[in-house]
Amino acid sequence: MRLIRVLPVLSVLSAAAFAPVPANAQSFFEELFGIGRAAKPPVPPRGVPGGVPAPAPGLPLPGAPGAPGEPTVEAPKPVVPRQPVVLKAPAEDNVIGQDLMLNGLTGSLKLEKGASGTTARIVLPGTKVSQPSESCKVPLGGGGPLAVTADGRPEGVGRFEIPGGECPLRFDVLDGAVLVTPLSGSPLCTFTAADCATTPSGLWGPPAATLIPRAAEFESARGTADRAVRENYKLMTQRLRGQDVRPVVTEQAAFSSDREQLCRTYAREGAHGFCNLRFTENRALALATRLGVNTATAAPSASAAPRRRRAPSATPSVDGMNPDAGGAPLAE
């Protein structure tokens, strides 16, 4: 009888042992082990007055660039000048009476002006046809003055020509120099009677000894000339359309190599940079002329004026910075 009375008590205890855990105890274990509701982020309440609705998936947050109602940030575009950059064009008579030499080394070229017009006395250097290792010189017209004809400013600088004779030549008058080009299409002029093949093409200018003291002046002006070439080239490519752009791009791509080819034989070019400067100025004026500028009357652009160097600052210099520029990059 006692065993029968104990069985109901055991059944009640076993049922209580396997009964469901209360809700508060379950939440405690979920928080402790990171399962259940504790593993899910809380859901913000909906319908709260004044609340900010969550953005739809894939849309930028409010206030971010590109969001609705916010200004769109565009990539910066290259600045193209509105007007050509004009350098000061050399006067046509700035070399009158000067003794110029090919590459500052050899030969002789002297332009003179008289009552009958402009004349030229030229002695061309070259090599003997029969003995290429030996040099020779040929005075055009027997060494007397040769009449030259003016041809305006088709490329921005004054131009003269000797159209006839044994060696027809073109003279582009630069600042303190003359750029000579044979009109025959060949860089050589051969004189059979003198057994001499001459090479008149190139820059005729002063000797190196007179140019080296002005090296700093030439370096400063070179930055201005390079900038003028770049700006005028940008403007020209913007104005042209279609196939008209290709010749200008090709010509500009060859500009640096042409300059190197012309100036590498000038006497001590690396010490003064005279030839590089004059060739670059000539290119800038030629581009400005093609853009419609009359270089004979146009005033130099403000952007073409050389920049003044800042005086040294009183503050001590810091490694890695230029004290003259206040931490800014050097002017071109």
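Here the structure is a predicted model, which means the values were calculated and not measured.

Conventions and cut-offs
Residues numbered from 1 in each chain as written. Predicted model: local features only at pLDDT ≥ 70, side-chain atom pairs only at ≥ 80, totals over all residues. Heavy atoms only, no water. Helix = DSSP H or I, 4+ residues; strand = E, 2+ residues; numbered from the N terminus. Buried < 20%, exposed > 50% of the residue type's maximum accessible area, 1.4 Å probe, protein only. Contact = heavy atoms within 4.5 Å. Areas by Shrake-Rupley, 256 points an atom, 1.4 Å probe, with all protein chains shown as cover. Disulfide = S-S within 2.5 Å. Salt bridge = Lys/Arg side-chain N within 4 Å of Asp/Glu carboxyl O.

*Asks:* Could you give an account of the overall build of the protein chain, with specific residues and numbers?
*Replies:* Of regular secondary structure, the protein chain possesses 7 helices and 12 strands. Counting all 332 residues of the protein chain, 33% fall into the buried class. Taking the contacts inside the protein chain whose residues are at least 6 apart along the sequence as the reference set, 60% of them involve residues at least 24 apart. Put simply, the protein chain shows about 21100 Å² of open surface, and 59% of that area lies on carbon and sulfur atoms.

*Asks:* Please give an account of unusual backbone geometry that cites residues and values.
*Replies:* For Asn-103, which is not a glycine, the phi torsion comes out positive at approximately 60 degrees. Along the chain, the position of Asn-103 falls in the loop between β1 (100-102) and β2 (106-114). Overall, Asn-103 belongs to the buried group, its relative accessible area being 14%. Even without being glycine, Arg-268 reaches a positive phi, approximately 55 degrees. Mapped onto the secondary structure, Arg-268 falls in the loop between α5 (245-263) and α6 (269-272). Looking at Arg-268, the relative accessible area reads 57%, which means it is exposed.

*Asks:* Lay out the state of the cysteines in plain terms, naming residues and giving numbers.
*Replies:* Scanning the entire structure with this criterion turns up 3 disulfides. A sulfur-sulfur distance of 2.1 Å marks the disulfide that ties Cys-263 to Cys-275. In this structure, the disulfide formed by Cys-263 and Cys-275 twists by about -75 degrees around the S-S bond and is classed as left-handed. Residue Cys-263 is found in helix α5, and its partner Cys-275 is found in helix α7 (residues 274-290); the two are separated by 12 residues along the sequence. Residue Cys-263 shares its accessibility class with Cys-275, and that shared class is buried.

*Asks:* Which residues make up the pattern of salt bridges, and what values do they have?
*Replies:* According to the stated counting rule, one finds 14 salt bridges in the structure shown. When the shortest N-O distance is used, the salt bridge between Arg-214 and Glu-217 registers 2.9 Å. Exposure remark for Arg-214: the relative accessible area of 34% places this residue in the partly exposed category. A residue is classified by how much of its surface remains accessible, and Glu-217, at 44% relative accessible area, is partly exposed. Between Arg-290 and Glu-251 there is a salt bridge; the shortest N-O distance is 2.8 Å. Here Arg-290, found in helix α7, pairs with Glu-251, found in helix α5; they are 39 residues apart in sequence, far enough to count as distant. Put simply, Glu-155, Glu-251, Arg-283 and Arg-290 are held in one network by salt bridges that share partners.

So yeah, pure geometry; function would need other evidence.
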